[in-house]
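Report on the structure
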Amino acid sequence: MSATAIPPRPTEPQSRVLRAAFRAFAAIEKVGNKLPNPFWLFWILAGVVAVLSAVLAAVGVSAVHPGTDETIKVENLLSRDGITMAVEGAVENFAAFPPLATILTVMFGIAVAEKSGLFSALLRRMVARVPGRYLTFVLSMTAMVSHVAGDAAYVTLIPLGALVFRAAGRSPVLGCIVAYVSISAGYDASPSLTTTDVLLSGISTAAAHTIDADYVVTPVANYFFGLASSVFVALVITLVVDKVLARRTDLEPDEPVAALNADEREAIEVTGQQRRALRVTGLVALGFVAFLVVAMIPSSSPLRGEHGGIVDSSLIGGMALVLGLFFAVLGTVYGRMTGTFSASRDILAAMADGTRSMAPILVLFFAISQFLAYFKWTNIGDILAVKGAETLRDLDMSGWTVLVGVAVLITFMNLVITSGSALWALAAPVLVPMLMLVGIEPETTQAVYRVADSVTNCVTPMSPYFVMALGFIQQHKKSAGIGTLASFTIPIAAVVWVVWVAFFVAWYLLGIPFGVS
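Basis of the calculations
Residues numbered from 1 in each chain as written. Predicted model: local features only at pLDDT ≥ 70, side-chain atom pairs only at ≥ 80, totals over all residues. Heavy atoms only, no water. Helix = DSSP H or I, 4+ residues; strand = E, 2+ residues; numbered from the N terminus. Buried < 20%, exposed > 50% of the residue type's maximum accessible area, 1.4 Å probe, protein only. Contact = heavy atoms within 4.5 Å. Areas by Shrake-Rupley, 256 points an atom, 1.4 Å probe, with all protein chains shown as cover. Axes fitted to C-alpha atoms, helices over the stretch in contact; angles between N-to-C directions. Parallel < 35°, antiparallel > 145°, perpendicular 65-115°, else oblique. Nonpolar A, V, L, I, M, F, W, Y, C, P; charged D, E, K, R; others polar. Patch = residues over 30% accessible without salt bridge, like charges linked within 9 Å, V, L, I, M, F, W, Y side chains within 5 Å. Salt bridge = Lys/Arg side-chain N within 4 Å of Asp/Glu carboxyl O. Left-handed = near helix turned anticlockwise from the far one by under 90°. Expected span 1.5 Å × (residues − 1). Lys, Arg positive; Asp, Glu negative; His and termini not counted. Charge placed at Lys NZ, Arg CZ, Asp CG, Glu CD. Phe/Tyr/Trp six-rings, centres within 6.5 Å; stacked < 30°, edge-to-face > 60°.

Focus: the overall build of the chain
Secondary structure summary: the chain contains 23 helices and two strands in total. Relative to its full complement of 517 residues, the chain shows a buried share of 52%. Long-range pairs, those at least 24 residues apart, make up 79% of the contacts in the chain between residues at least 6 apart in sequence. In the structure as shown, the chain presents an accessible area of about 23,700 Å², 64% of it carried by carbon and sulfur atoms.

A word on the packing of helix 6 (residues 118-127) against helix 15 (residues 319-338)
Relative orientation of the contacting elements helix 6 and helix 15 amounts to 80°, with a least axis distance of 10 Å. By the criterion of interaxial angle, the relationship of helix 6 to helix 15 is roughly perpendicular. Where helix 6 approaches helix 15, its residues Leu 118, Phe 119 and Ala 121 are matched on the opposing element by Phe 327, Leu 330, Gly 331 and Tyr 334. Class assignment for the residues of the contact of helix 6 with helix 15 results in six nonpolar, one polar and no charged.

Concerning a nonpolar patch on the surface
A surface patch of nonpolar side chains, amounting to about 360 Å² of accessible area, comprises Val 289, Val 293, Val 294 and Ile 297. Along the chain, the position of Val 294 falls in helix 13 (residues 272-296).

Considerations on the packing of helix 6 against helix 8 (residues 152-167)
In a pair of packed helices, the angle between the axes and the distance between the axes together describe the arrangement. Two elements in contact, helix 6 and helix 8, have axes whose closest approach is 11 Å; the angle formed by their N-to-C orientations is 25°. In terms of their interaxial angle, helix 6 and helix 8 are classed as roughly parallel. In this structure, the crossing between helix 6 and helix 8 has a hand that is right-handed. Every residue of helix 8 that contacts helix 6 at Ser 120, Leu 123, Arg 124 and Val 127 is listed here: Thr 156, Leu 157, Leu 160 and Val 164. Of the residues contributing to the contact of helix 6 with helix 8, the split by class is five nonpolar, two polar and one charged.

Examining the pattern of salt bridges
Any two side chains of opposite charge can pair if their charged atoms end up close together. Scanning the model with the defined rule gives four salt bridges in all. A salt bridge links Asp 242 to Arg 170; the nearest nitrogen and oxygen atoms lie 3.2 Å apart. Remark: Arg 170 occurs in the loop between helix 8 and helix 9 (172-185) and Asp 242 occurs in helix 11 (residues 223-243); sequence separation between them is 72 residues. Given a relative accessible area of 24%, Asp 242 falls into the partly exposed group. Taken together, the salt bridges that share partners define one network made up of Asp 188, Asp 197 and Arg 450.

A short note on helix 23 (residues 482-509)
Helix length check: helix 23, at 28 residues, gives a terminal C-alpha distance of 39 Å against a target of 40 Å (1.5 Å per residue), a fit within 8%. Following helix 23 by one or two positions, Gly 511 has its phi on the positive side, about 75°.

Observations regarding a positive patch on the surface
A surface patch of positive charge is lined by Arg 125, Arg 275, Arg 276 and Arg 279. The dominant element in the positive patch, judged by the number of residues it contributes, is helix 13, at three residues. Of note, Arg 125 is situated in helix 6.

What about the packing of aromatic side chains?
As enumerated under the stated definition, the model contains 22 aromatic pairs in all. Here the aromatic rings of Phe 94 and Phe 366 are separated by 5.2 Å at their centres, their planes lie at 80°, and the arrangement is edge-to-face. Highlighted residues: Phe 94 in helix 4 (residues 90-95) and Phe 366 in helix 17 (residues 359-378), separated in sequence by 272 residues. Given a relative accessible area of 23%, Phe 94 falls into the partly exposed group. Members of the aromatic cluster, connected to one another through ring pairs, are Phe 225, Phe 232, Phe 503, Phe 504, Trp 507, Tyr 508 and Phe 514.

Some thoughts on the environment of Ala 422
By the element assignment, Ala 422 lies in helix 20 (residues 420-436). Classification of Ala 422 as buried rests on a relative accessible area of 1%. When the C-alpha positions of Ala 422 and Phe 365 are compared, they lie 8.6 Å apart, and in sequence the two are 57 residues distant.

Dropping the structure here:
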């Protein structure tokens with residue numbers, strides 16, 4: 001009876017800093033694993049809000065709104081009025097949840113583009129036949145583009161990164177790491193609008209209504225900053241990887257890097273038919289954008305807002321529909337040309353599949369929408385915002401120092417709560433109105449949140465994609481473990497956090513608009 005071969009155990013890192021980091025991550029993982037699913041977490045928090053509201057209402061906690069001089073009192077959620085609101089308003093709370101309809105509208109279009117094979121072909125086209133010295137940057141930048149595909153980017157790009165690095169004679173392990181870190185650490189940096197823009201802007205708008213009922217955070221409120229950040233973060237990752245990590249001696253896979261076989265090369269290459277389809281789809285995309293630009297030129301255009309405005313135009317307000325239609329058109333064109341879609345029913349099937357993939361998010365949205373409705377009704381968030389703003393004014397802190405403090409807070413929270421929408425739904429009702437009261441716009445608060453929410457994605461063991469990336473790496477290096485992956489991702493994440501936050505502060509201090517608001 002032969003003994004089963006056991007992969008060698010990963011060696012303990014030499015660096016004290018890394019050993020301490022691994023111990024911290026192990027503790028985070030242990031604590032995080034004890035937390036309930038976010039769906040149940042928000043119901044638990046709703047219960048906490050109910051009890052807290054009863055206590056605070058009994059002791060008469062209140063605050064004076066600085067804008068209206070109105071006294072805000074805590075309302076008891078466990079009172080007759082509170083229970084009536086919770087029961088009778090449940091359906092309305094869910095239906096009125098800002099991101100619900102908008103995210104579904106965008107997903108219809110994105111599902112068509114994804115099912116047509118457009119995203120996969122575009123990503124492969126971007127990294128195929130890239131000169132070796134530009135490979136790391138191009139792969140990282142491709143990951144920034146892939147954010148439009150959502151979580152599907154991890155499944156597509158990580159193994160593709162390994163293949164293109166092998167094709168260039170470099171370590172496939174490093175290719176996996178570059179793709180994974182670029183997708184996760186730069187998740188909220190993208191040269192194109194994504195579902196995240198729509199999702200976060202809806203939550204931010206709802207939070208801003210605490211102070212200003214007419215305030216709207218548009219899906220393009222952070223577009224300028226996101227576009228610049230995608231290039232900036234890709235450059236930072238490239239420098240760290242090529243100048244430091246590529247020199248490590250433990251990058252070699254179990255077998256020497258060999259030339260790709262026919263099947264592997266086919267997985268990278270784009271066929272002639274796909275190239276032609278991509279060219280035509282690109283022209284259609286340019287035509288779509290050009291049509292919108294031309295349609296917006298006349299001051300009397302129906303796409304413009306009142307008095308010919310652009311910011312308050314129907315185009316900006318209906319950005320969810322525009323994005324959904326954009327991706328649906330591109331996916332349809334590409335699918336028809338490549339044969340992925342042979343009939344109109346295939347397009348409808350793609351939309352239905354996209355809706356099914358949204359089911360877990362919709363379930364989570366129900367819990368979040370009820371929690372936010374309870375939190376708003378009790379006025380606890382309003383009072384926290386007013387008291388917090390008064391404290392910040394008393395401390396006489398500069399705007400940028402407050403924002404850096406927010407970045408630190410969100411960074412640590414993200415190590416445990418890895419869902420970006422769930423974390424923002426938890427933080428926005430307090431942070432957005434509180435910072436509005438000290439003169440910081442919601443768009444700015446949302447932008448710094450996106451920086452902090454992104455970077456630690458690649459190091460937290462609570463992320464399911466951390467384990468997925470490790471699985472892809474182990475296909476090339478069986479001895480790799482959590483410590484192996486973390487020893488690469490921690491240095492990159494640390495550098496990206498410091499540099500990206502500094503980039504944000506510089507952007508803020510220079511007064512550059514974060515987007516169209």
